[in-house]
Structure formats: C-alpha cells, structure tokens
Amino acid sequence: MEEEKYYHSESGTPQGGVISPVLSNIFLHNVLDDWFVKEVQPRMKGRSFIIRFADDCVPRRQTLLQ
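Residues numbered from 1 in each chain as written. Predicted model: local features only at pLDDT ≥ 70, side-chain atom pairs only at ≥ 80, totals over all residues. Heavy atoms only, no water.

Visitor: Sorry, what's going on with the overall build of the protein here?
Guide: Scanning the protein for helices and strands turns up one helix and two strands. Helices (α) and strands (β) of the protein occur, in sequence order from the N terminus, as α-β-β. The proportion of buried residues among the 66 residues of the protein is 14%. Here the contacts in the protein between residues at least 6 apart in sequence split such that 24% fall between residues at least 24 apart. A total accessible area of about 6,200 Å² is found for the protein, and carbon and sulfur atoms account for 56% of it. (Helix = DSSP H or I, 4+ residues; strand = E, 2+ residues; numbered from the N terminus. Buried < 20%, exposed > 50% of the residue type's maximum accessible area, 1.4 Å probe, protein only. Contact = heavy atoms within 4.5 Å. Areas by Shrake-Rupley, 256 points an atom, 1.4 Å probe, with all protein chains shown as cover.)

Visitor: Help me out: how do you make sense of a nonpolar patch on the surface in this one?
Guide: Together, Ile19, Val22, Leu23 and Ile26 make up a nonpolar patch on the protein surface, roughly 340 Å² of accessible area in all. Following the sequence through the fold, Leu23 ends up in helix H1 (residues 19-40). Overall, the relative accessible area of 43% leaves Leu23 in the partly exposed class. (Patch = residues over 30% accessible without salt bridge, like charges linked within 9 Å, V, L, I, M, F, W, Y side chains within 5 Å. Salt bridge = Lys/Arg side-chain N within 4 Å of Asp/Glu carboxyl O.)

Visitor: Whenever I open this one, unusual backbone geometry confuses me. Can you help?
Guide: Backbone phi values are negative for most residues with the exception of glycine, while trans is the configuration of most peptide bonds. The backbone of Glu4 shows a phi angle near 65 degrees, a positive value even though the residue is not glycine. With respect to the helices and strands, Glu4 occurs in the segment before H1. Overall, the relative accessible area of 76% leaves Glu4 in the exposed class.

Visitor: What is the right way to read the side chain of Ser48 from this model?
Guide: Structurally, Ser48 is set in strand S1 (residues 47-53). Each residue touching Ser48, except ones within four places of it in the same chain, is listed here: Phe36, Gln41, Arg60 and Arg61.

Visitor: In this structure, what is going on with the pattern of salt bridges? I would like to understand it.
Guide: Here the structure, examined in full by the defined rule, presents one salt bridge. Across the pair Arg43 and Glu39 runs a salt bridge whose closest N-O atoms are separated by 3.5 Å. Its relative accessible area of 66% is what places Arg43 among the exposed residues.

Visitor: What is the right way to read H1 from this model?
Guide: Two residues of an α-helix separated by three or four positions point the same way, owing to the 3.6 residues in each turn. Taking 1.5 Å of rise per residue, the 22 residues of H1 would be expected to cover 32 Å, and the 29 Å separating its terminal C-alpha atoms lies within 8% of that figure. A maximum bend of about 50 degrees is found in H1 at Leu28. (Expected span 1.5 Å × (residues − 1). Bend = angle between axes of the 7 residues up to and from the residue.)

Visitor: Would you mind going over the side chain of Asp33 with me for this structure?
Guide: Take Asp33: it is sitting in helix H1. Overall, Asp33 belongs to the buried group, its relative accessible area being 17%.

Structure follows, in structure tokens:
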C-alpha cells in the first residue's frame, strides 16, 4: 500500500508475508547456522551459541568465571 492505494505485486515475496520467515529459516539454516558450527565455534574459547529468529541473529560467547 502506498498513499492509501493498494498495489498488487505479480512477483516476489511480500514484506511481512507469512512465507518470508519460513523461507529465511530454511535458507539461513544451510548458510548461517552451518557456517557458525563449522567455522566460528571451533575458534571460540568456552561455550558459544547463536540466537536467531528469522533473519536476525546475535552470536554470543559464554565466559567461565574462575
């Protein structure tokens, strides 16, 4: 919708559509999650994990207090 007028799109995935988070989760599992496990975690000291929801992510590292 632009200036109170609705425009129908013939192609693409609509912003905020139901399928957008599903497609991003499928794609990012193969790209972001696997990359984090194979490339990032082996280089980290201590426990590391990634928090991801759809296309947003926050890598985190837990440090151990001694």
